[in-house]
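The lines below spell out each chain.
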Amino acid sequence: MEMLNIQNLSIKYDGKAILSDFNLSVAKGDKILIKGRSGIGKSTFFRLIMGFCVQSSGTISLDGILIDSSSVWDVRKRIAYVSQ
């Protein structure tokens, strides 16, 4: 079972597409690297997972629970996020 599941995620910032139809599944124990030049959307991606911003379309779920306005506080209690 996926710990983090992202399906068809799209986000726009100031009218510019940052992510478009992005999919990702991360199972417990998986290690991933998110890498890219400055301004490409890495921080925005993590802000989406934490519920600090809202996607244009698509879904994000953690342990099978859809991350939305009713579940975001439970998600924030389970994830540590340190911004630059």
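Structural data are supplied above this passage.
What comes next is a walk through the structure. (Residues numbered from 1 in each chain as written. Predicted model: local features only at pLDDT ≥ 70, side-chain atom pairs only at ≥ 80, totals over all residues. Heavy atoms only, no water.)

## A look at helix α1 (residues 42-50)
For step 1, the next point in the chain: When we look at burial in α1, the residues that qualify are Phe45, Leu48, Ile49 and Met50.
For step 2, the next point in the chain: Gly51 occupies a position one or two residues after α1 and carries a positive phi of about 80 degrees. (Buried < 20%, exposed > 50% of the residue type's maximum accessible area, 1.4 Å probe, protein only. Helix = DSSP H or I, 4+ residues; strand = E, 2+ residues; numbered from the N terminus.)

## Considering the packing of aromatic side chains
For step 1, the next point in the chain: Counted under the stated rule, the structure contains two aromatic pairs.
For step 2, the next point in the chain: On the basis of an interplanar angle of 80 degrees and a centroid distance of 5.6 Å, the ring pair of Phe22 and Phe45 is categorised as edge-to-face. In this pair, Phe22 sits in strand β2 (residues 16-27) while Phe45 sits in helix α1, placing the two residues 23 residues apart along the sequence.
For step 3, the next point in the chain: Classification of Phe45 by relative accessible area gives buried; the value is 6%.
For step 4, the next point in the chain: Residues Phe45 and Phe46 carry aromatic rings whose centres are separated by 5.3 Å and whose planes lie at 75 degrees to one another, so their mutual orientation is edge-to-face.
For step 5, the next point in the chain: A network of ring pairs unites the aromatic residues Phe22, Phe45 and Phe46 as a single cluster. (Phe/Tyr/Trp six-rings, centres within 6.5 Å; stacked < 30°, edge-to-face > 60°.)

## Re the nonpolar core
For step 1, the next point in the chain: Judged by nonpolar contacts, the single largest core of 13 residues is most densely connected at Leu4, Ile6, Leu9, Leu19, Leu48 and Ile60.
For step 2, the next point in the chain: Those elements giving two or more residues to this core turn out to be β1 (2-13), β2, α1 and β3 (57-62).
For step 3, the next point in the chain: Of the residues forming this core, the biggest block, four residues, is contributed by β1.
For step 4, the next point in the chain: Contact partners of Leu48, with chain neighbours within four places excluded, come to Leu9, Ile11, Leu19, Cys53, Val54, Gln55 and Ile60. (Core = buried A, V, L, I, M, F, W, Y, C linked by side-chain atoms within 4.5 Å. Contact = heavy atoms within 4.5 Å.)

## What about the sheet that holds β3?
For step 1, the next point in the chain: As summarised here, the arrangement of the four strands in space is β2-β1-β3-β4, forming an open sheet in which the pairing is antiparallel. Only two strands of the sheet have a single neighbouring strand rather than two, namely β2 and β4 (65-66).
For step 2, the next point in the chain: Note that β1 and β2 share eight bridges and pair antiparallel. In the sheet register, Lys12 faces β2, and the bridge partner there is Ala17.
For step 3, the next point in the chain: Sheet strands in contact with α1 are β1, β2 and β3, and its direction is about 120 degrees off that of β1. (Pairing = 2+ DSSP bridges. Axes fitted to C-alpha atoms, helices over the stretch in contact; angles between N-to-C directions.)

## Brief notes about the pairing of β1
For step 1, the next point in the chain: Following β1, the chain reverses through two residues before pairing antiparallel with β2; Asp14 in that reversal takes a positive phi of roughly 50 degrees.
For step 2, the next point in the chain: Bridge count between β1 and β3: five bridges; the pairing is antiparallel. Bridge assignment links Gln7 to a residue of β3, and that residue is Thr59.

## Quick notes on unusual backbone geometry
It is generally the case that most residues other than glycine have a negative phi and that most peptide bonds are trans.
For step 1, the next point in the chain: One non-glycine residue, Asn8, adopts positive backbone phi at about 50 degrees.
For step 2, the next point in the chain: Looking at where Asn8 falls in the secondary structure, it is placed in strand β1.
For step 3, the next point in the chain: By relative accessible area, which is 41% here, Asn8 ends up partly exposed.
For step 4, the next point in the chain: The phi dihedral of Asp21 is positive, around 50 degrees, even though this residue is not glycine.
For step 5, the next point in the chain: Position of Asp21 among the secondary structure elements: in strand β2.

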